[in-house]
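Structural characterization, general
If you want the building blocks of each chain, they are given just below.
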Amino acid sequence: MSKLKGFMSIYHIAQVNIAEMRAPLDSETMTGFVARLDEINTLAERTPGFVWRLKGDANNATALRIFDNHSIIINMSVWDSIDALYQYTYYSDHAQVYRQRGEWFRRLQNHMLALWWVPAGHTPTPQEAKDKLAYLNAHGATPLAFNFKQRYSVEEMISAINT
């Protein structure tokens with residue numbers, strides 16, 4: 001366990017999640033989502049284990065478009081552990097917003113979430129996140145891109161890179 005703890009201190013978990021909006025952000029359909037953005041982003045930043053999140057001019061990432069489909073919005077963050085991210089996602093006030101996602105977003109056919117290990121101090125780019133989602137969709141969960149249901153350790157990622 002001490003060997004793993006050493007790895008954990010030099011690696012963080014990056015996450016990307018995307019969603020296809022049912023309507024433009026300034027529409028009545030999206031009002032409930034937009035109204036909670038600042039609150040939920042502030043909650044993330046105050047949650048133990050939070051390291052970084054992607055922000056645009058409006059202090060969130062909703063205006064950033066990296067996909068050809070401009071209805072798809074992106075959210076990215078980095079955490080010091082999978083457990084910290086998981087707690088925030090499913091056991092904080094964020095969970096209430098997550099349960100309401102069907103009101104604002106369409107169901108995607110491909111993966112909407114990808115997790116991957118990054119060296120501590122590395123800030124992932126939207127292109128890196130897009131590539132991780134594409135990798136996950138092409139190969140399924142591996143130590144290089146995975147999800148909450150099928151997690152991989154830092155050691156497994158390092159082993160996969162070195163083989």
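A quick note: this is a predicted structure, and the numbers were derived from the prediction, not measured.

With that out of the way, let us pick up the overall build of the protein. Scanning the protein from terminus to terminus reveals seven helices and five strands. When the helices and strands of the protein are listed from N to C terminus, the series reads α-β-α-β-β-α-α-α-β-β-α-α. Across its three principal axes, the protein shows a C-alpha extent of roughly 50 × 35 × 25 Å. Counting every position in the protein, which comprises 163 residues, the buried fraction comes to 42%. Pairs at least 24 apart in sequence give 73% of the contacts found in the protein among residues at least 6 apart. Of the accessible surface of the protein, which amounts to about 9,200 Å², a share of 50% is contributed by carbon and sulfur atoms. A gap of 4 Å separates the mean positions of the 16 positive and 16 negative side-chain charges of the protein.

It is worth spelling out the nonpolar core at this point. Membership of the largest hydrophobic core comes to 47 residues, with the highest contact counts inside it found for Ile-13, Val-16, Ile-74, Phe-105, Trp-117 and Phe-146. Contributions of two or more residues to this core are made by strand E1 (11–21), helix H2 (31–46), strand E3 (72–79), helix H3 (82–91), strand E5 (113–119), helix H6 (126–139) and helix H7 (154–162). Dropping the residues within four chain positions of it, Ile-74 is found in contact with Val-16, Asn-17, Ile-18, Leu-54, Ala-61, Leu-64, Ile-66, Pro-126 and Ala-129.

Time to look at the pairing of E3. Counting buried positions along E3 gives seven out of eight residues, so the element sits mostly inside the fold. In terms of strand pairing, E1 meets E3 through eight bridges, oriented antiparallel. Counted as the bridge partner of Ile-13 is Trp-79 from E3.

Moving on: the environment of Pro-126. Relative to the elements of secondary structure, Pro-126 occurs in helix H6. Expressed as a C-alpha distance, the spacing of Pro-126 and Arg-65, which sit 61 residues apart in the sequence, is 9.1 Å. Those residues in contact with Pro-126, other than ones at most four positions away along the chain, are Leu-54, Ile-66, Ile-74 and Met-76.

Bringing unusual backbone geometry into the picture now. Of note in this structure, Asn-59 is not a glycine but carries a positive phi near 65°. Inspection of the secondary structure assignment puts Asn-59 in the loop between strand E2 (50–53) and E3.

Quick look at the pattern of salt bridges now. Evaluated as defined, the whole model comprises five salt bridges. The partner of Glu-39 in a salt bridge is Arg-36, with the nearest N and O atoms 2.7 Å apart. Of this pair, Glu-39 and Arg-36 both sit in helix H2, three residues apart, roughly one helical turn. The partly exposed category is assigned to Glu-39, whose relative accessible area is 38%. Arg-36 gets classed as buried once you look at its relative accessible area, which sits at 16%. For the salt bridge of Lys-55 with Glu-45, the shortest nitrogen-to-oxygen distance reads 3.2 Å. With Lys-55 in the loop between E2 and E3 and Glu-45 in helix H2, this residue pair connects regions lying 10 residues apart in the sequence. Each of Glu-45, Arg-53 and Lys-55 takes part in one network of salt bridges that share partners.

The subject of this paragraph is the side chain of Ser-77. Positionally, Ser-77 belongs in strand E3. A relative accessible area of 5% places Ser-77 in the buried class. Polar contacts involving the side chain of Ser-77 include one to the side chain of Trp-79, which spans 2.7 Å. Discounting chain neighbours no more than four positions away, the residues touching Ser-77 are Ile-13, Ala-14, Gln-15, Trp-52 and Arg-53.

Rules behind the numbers
- Residues numbered from 1 in each chain as written.
- Predicted model: local features only at pLDDT ≥ 70, side-chain atom pairs only at ≥ 80, totals over all residues.
- Heavy atoms only, no water.
- Helix = DSSP H or I, 4+ residues; strand = E, 2+ residues; numbered from the N terminus.
- Buried < 20%, exposed > 50% of the residue type's maximum accessible area, 1.4 Å probe, protein only.
- Contact = heavy atoms within 4.5 Å.
- Areas by Shrake-Rupley, 256 points an atom, 1.4 Å probe, with all protein chains shown as cover.
- Lys, Arg positive; Asp, Glu negative; His and termini not counted.
- Charge placed at Lys NZ, Arg CZ, Asp CG, Glu CD.
- Core = buried A, V, L, I, M, F, W, Y, C linked by side-chain atoms within 4.5 Å.
- Pairing = 2+ DSSP bridges.
- Salt bridge = Lys/Arg side-chain N within 4 Å of Asp/Glu carboxyl O.
- Polar contact = N/O pair within 3.5 Å; in protein donor to acceptor, adjacent residues only side chain to side chain.

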